[in-house]
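Residue-level structural notes
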Amino acid sequence: MWAGFLITREQNERLTQVGRGTPAGELLRRYWQPVLAAAELTKDKPIKAIRRLGEDLVVFRTTNGHYGLVDERCPHRHASLAYGSVDDDGIRCPYHGWKYDTSGACIEQPAEPSASKLKDEVCHIAYPVKLLGGLLFAYMGPLPAPPLQRWDVLAWTHGKRWVQKHTLLNCNWLQTMENSVDPAHLYWLHGNTAHLAKAVKEYGEEHEFIQFDYGIMKRRITPSSGSGSSPKIDQHPLIFPNTLRHVLKDKKNGAIRHNVQCRVPVDDTHTQVYMVLFEPTESDETPAESITPLEYYALRNDDGSYRMDKVLGQDAMAWETQGAIMDRSAELLGVSDIGIVKYRKLLEEQIEAAKENSPLIGFVPTNREDQIIQFNCINERIGVSETSGTAPADQMIL
Ligand code: FES
Ligand SMILES: [Fe+2]
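Source: prediction; values computed, not measured.

Here the focus is the nonpolar core. For soluble globular proteins, nonpolar side chains are generally found buried alongside one another. With 70 residues, the main nonpolar core has L69, L136, Y343 and L347 as its most contacted residues. Here this core gets 7 residues from one element, more than from any other, and that element is helix α9 (residues 338–355). When residues of this core are sorted by domain, at least three fall in each of domain 1 (38–138) and domain 2 (152–397). If we skip the residues at most four places from it in the chain, Y343 touches W173, L174, M177, E178, V181, I216, L238, F240 and P241. In terms of nonpolar packing, the next biggest core, distinct from the first, is built from 14 residues, V70, C93, W98 and C106 among them.

On to helix α1 (residues 9–16). Spacing of three or four residues puts side chains on the same side of an α-helix, whose turn is 3.6 residues. Every buried residue belonging to α1 is among N12, R14, L15 and T16, and all of these are buried. Along its buried surface, α1 packs onto α2 (23–28), α5 (173–178) and α9.

It is worth spelling out the layout of surface pockets at this point. In this structure, the largest pocket encloses a volume near 1,100 Å³. Among the elements that make up the lining of the largest pocket, the one with the highest residue count is strand β16 (residues 243–249) (5 residues). Of the residues contributing to the lining of the largest pocket, the split by class is 13 nonpolar, 11 polar and 14 charged. Taken as a whole, the second largest pocket encloses approximately 320 Å³ of empty space. Around the second largest pocket sit 18 residues that line it, and D182, H185, Q322, D337 and I340 are the ones nearest its centre. At the level of elements, α5, α6 (185–189), α8 (311–321) and α9 are the ones that each hand at least two residues to the lining of the second largest pocket. When residues of the lining of the second largest pocket are assigned to their parent elements, the largest contribution, 3 residues, is made by α6. When grouped by side-chain class, the residues that make up the lining of the second largest pocket number 8 nonpolar, 5 polar and 5 charged.

With the rule as written, the count across this model stands at 10 aromatic pairs. Pairing F212 with Y214 gives two aromatic rings, centres 6.3 Å apart and planes at 65 degrees, and the pair type is edge-to-face. The class for Y214 is buried, based on a relative accessible area of 8%. Seen in terms of ring centroids, Y214 and F375 are 5.9 Å apart; in terms of plane orientation they differ by 85 degrees. Their pairing is edge-to-face. Separated by 161 residues along the polypeptide, Y214 in the loop between β13 (206–212) and β14 (215–222) and F375 in the loop between α9 and β20 (378–379) bring together distant segments of the chain. F375 carries the same exposure label as Y214, and that label is buried. In this structure an aromatic cluster arises from ring pairing among Y31, F240, Y343 and F363. Sitting over the face of the ring of Y297, R307 holds its NZ or CZ atom 5.2 Å from the ring centroid.

Okay, the coordination of the iron ion (ligand 2) next. Around the iron ion (ligand 2), the protein supplies H185 (NE2), H190 (NE2), D315 (OD) and D315 (OD) as donor atoms, at distances of 2.1 to 2.5 Å. Around the iron ion (ligand 2) sit 4 donor atoms, and with donor-metal-donor angles ranging over 54 to 151 degrees the site reads as irregular. Donor residues binding the iron ion (ligand 2) come from one chain and are separated in sequence as H-x4-H-x124-D. Of this pair, H190 sits in the loop between α6 and α7 (195–199) while D315 sits in helix α8, and the two are 125 residues apart along the sequence. Residue class for H190 comes out buried when judged on its relative accessible area of 3%.

Moving on: the domain arrangement of the protein. As far as domains go, the protein holds domain 1 (38–138) and domain 2 (152–397). The centre of domain 1, based on its C-alpha atoms, is set 33 Å off from the matching centre of domain 2. Counting residues at the interface gives 16 residues for domain 1, matched by 19 residues for domain 2. Of the roughly 1,400 Å² buried at the junction of domain 1 and domain 2 (both faces included), carbon and sulfur atoms supply 64%. Close ionic contact of E40 with K165 constitutes a salt bridge, the shortest N to O distance being 2.6 Å. The interface formed by domain 1 and domain 2 holds 8 residue pairs in polar contact (both at pLDDT 80 or more) in total. Residue assignment for the side of domain 1 that touches domain 2 shows that the elements contributing at least two residues are β2 (47–52), β10 (129–132) and β11 (135–138). It is β2 that contributes the most residues to the side of domain 1 that touches domain 2, 3 residues altogether. Taken together, the residues of the side of domain 1 that touches domain 2 break down into 8 nonpolar, 3 polar and 5 charged.

Calculation notes
- Residues numbered from 1 in each chain as written.
- Chains lettered and ligands numbered in written order.
- Predicted model: local features only at pLDDT ≥ 70, side-chain atom pairs only at ≥ 80, totals over all residues.
- Heavy atoms only, no water.
- Core = buried A, V, L, I, M, F, W, Y, C linked by side-chain atoms within 4.5 Å.
- Buried < 20%, exposed > 50% of the residue type's maximum accessible area, 1.4 Å probe, protein only.
- Helix = DSSP H or I, 4+ residues; strand = E, 2+ residues; numbered from the N terminus.
- Domains from an automatic or database assignment.
- Contact = heavy atoms within 4.5 Å.
- 1 Å grid on protein atoms, 1.4 Å probe; cavity = no way out; pocket = protein on both sides within 12 Å on 5 of 7 lines; lining within 4 Å.
- Points joined across faces, edges and corners; volume = space filled by probe spheres on them.
- Nonpolar A, V, L, I, M, F, W, Y, C, P; charged D, E, K, R; others polar.
- Phe/Tyr/Trp six-rings, centres within 6.5 Å; stacked < 30°, edge-to-face > 60°.
- Lys NZ or Arg CZ within 6 Å of the ring centre and 35° of its normal.
- Donors = N, O, S within 2.8 Å, 3.2 Å for Na, K, Ca; no water.
- Tetrahedral: all angles 85-135°; square planar, octahedral: opposite > 155°, others 65-115°.
- Buried area = accessible area lost by both parts, 1.4 Å probe.
- Salt bridge = Lys/Arg side-chain N within 4 Å of Asp/Glu carboxyl O.
- Polar contact = N/O pair within 3.5 Å; in protein donor to acceptor, adjacent residues only side chain to side chain.

Here's what the structure looks like:
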């Protein structure tokens, strides 16, 4: 047991709660969060009601192609803007026709006298939105917003990119992230499906967790499986605070696919995963700011049971069966949980830094906001080594 890192109920709440004004909620709001796949908004349905970080919001696209994210309730008499309509510069409430632009300013009140100043008194909650890598990112923290991080998977252009939206998870976001610094589970939970276990007769790995500019790099060293073979390295980062960067090989065609798995808190007991996949190819071109194809990924079978033949279904089983909000005050950590301990410590430190308005991990200086952040992902078992190259050299900017 890691006696030095016992969690009390109060600490558990502090690390898990996502609402406005809560410690972790305020930290999460200082990072751009993907709130929707851009392809979820269409010409026919340009408005969607969502809940993110415990807030009920409406995301919309104007007919001019600008995105907005505002409080779902109209400030006038609180009807839902989700049933409203959009035009070239804003969203109109379905009840009395008040209209808001993407900054939340009220720009029309059709039933008020033309000389009325009531419009100027309206202060509607609105958050900035940016399209990147097929996702709509929103910034819900104190202004000014920091630059949006241009992760490699989101910003590479020479290849195919698409977004996967997973079944809504009925559990708190922290369970999904602690899993990302818990490499011991690969052999056991994914033993029948993942590439590693089949090639290894007996469990035996070394793990390292290295803090770096954007989070924690997780490194697994698997001993050689016999004479003539060498130990295999698998490393990929947890991008702080709530994303996993990963690389996999498609079983059918052998293509290497880089991905980010964004675990977006919906509220304290629900999490929405958006996964962006990028497959480098010679012939495809996908601009970073384009709307990419979207597919839905089911984590459960038709009868409600988890898809235990799929890695993502296995992880969902583990996360949800830990409880809606896992009671960490009753857990029993071992030496193999050191990655989880390190991540929680980083989370605590950054919660404090956010409170004090100090610089946070992962923030990009404004003079480097256009640069692509390239992560050094290695998985020697599937042929991705440090030198194998993952994208054209001109895109490898750090
Ligand atoms: S409630 Fe929205 S305009 Fe009246
Ligand atoms: Fe897993």
